[in-house]
Amino acid sequence: MKNEDVKNGVVFSAGEKNDAFAQYFVGQSYLNNLVADPKINVGVGNVTFEPSCRNNWHIHHNGYQILLVTGGEGWYQEKGKPAQLLKPGDVVVTHDGIKHWHGATKNSWFEHLAITTGTPEWLEPVTDEIYNNLEA
Ligand code: MN
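Residues numbered from 1 in each chain as written. Predicted model: local features only at pLDDT ≥ 70, side-chain atom pairs only at ≥ 80, totals over all residues. Heavy atoms only, no water.

## Topic: the nonpolar core
Okay, so step 1: Within the largest apolar cluster, 13 residues are counted, with the highest numbers of intra-cluster contacts made by V47, F49, L67, Y76, L86, V92 and F110.
Okay, so step 2: Leaving out residues up to four positions away in the same chain, F49 has contacts with F25, Q28, R54, N55, H102, G103, A104, W109, F110 and H112.
Okay, so step 3: Core analysis: the second largest hydrophobic core is formed by six residues, W57, W75, V126 and L134 among them. (Core = buried A, V, L, I, M, F, W, Y, C linked by side-chain atoms within 4.5 Å. Buried < 20%, exposed > 50% of the residue type's maximum accessible area, 1.4 Å probe, protein only. Contact = heavy atoms within 4.5 Å.)

Dropping the structure here:
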């Protein structure tokens, strides 16, 4: 597997096993909540994905999400569009209402900061048919 060092966190620590959202992921992820302040309406988390781990299709309603890629190699895909290969330094903006998923490539750990507002709606898992046909 590539980028094994990412599992320990790159800039911020990887945090704990992401049990709170495990039902919305395929594979193991880790979450370090960096900003979870009830007085502001944006959250910041460091999310780390083991190889092949990805979240389900989902939508950020009444808000948005910004992903800042900090480590490894991953994918971002919006419904109806090709998946984008992500590497450290990449930035992704997901607008309100856009169905999408993000996660690691098959053979690499992956980490991004997620800056999120609004309410997520979690949908179906990314099928193996889609995921296994991605070529990094
Ligand atoms: Mn998202």
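Having seen the structure, we can now continue with the description.
## Observations concerning the packing of aromatic side chains
Okay, so step 1: According to the stated counting rule, one finds eight aromatic pairs in the structure shown.
Okay, so step 2: Here the aromatic residues F21, Y24, F25, F49, F110 and W122 are joined through ring pairs into a cluster of three or more.
Okay, so step 3: Note that R54 overlies the ring of Y131, its terminal NZ or CZ placed 4.0 Å from the centroid.
Okay, so step 4: The ring of W57 has K99 sitting right over it, with the charged end atom 5.7 Å from the ring centre. (Phe/Tyr/Trp six-rings, centres within 6.5 Å; stacked < 30°, edge-to-face > 60°. Lys NZ or Arg CZ within 6 Å of the ring centre and 35° of its normal.)

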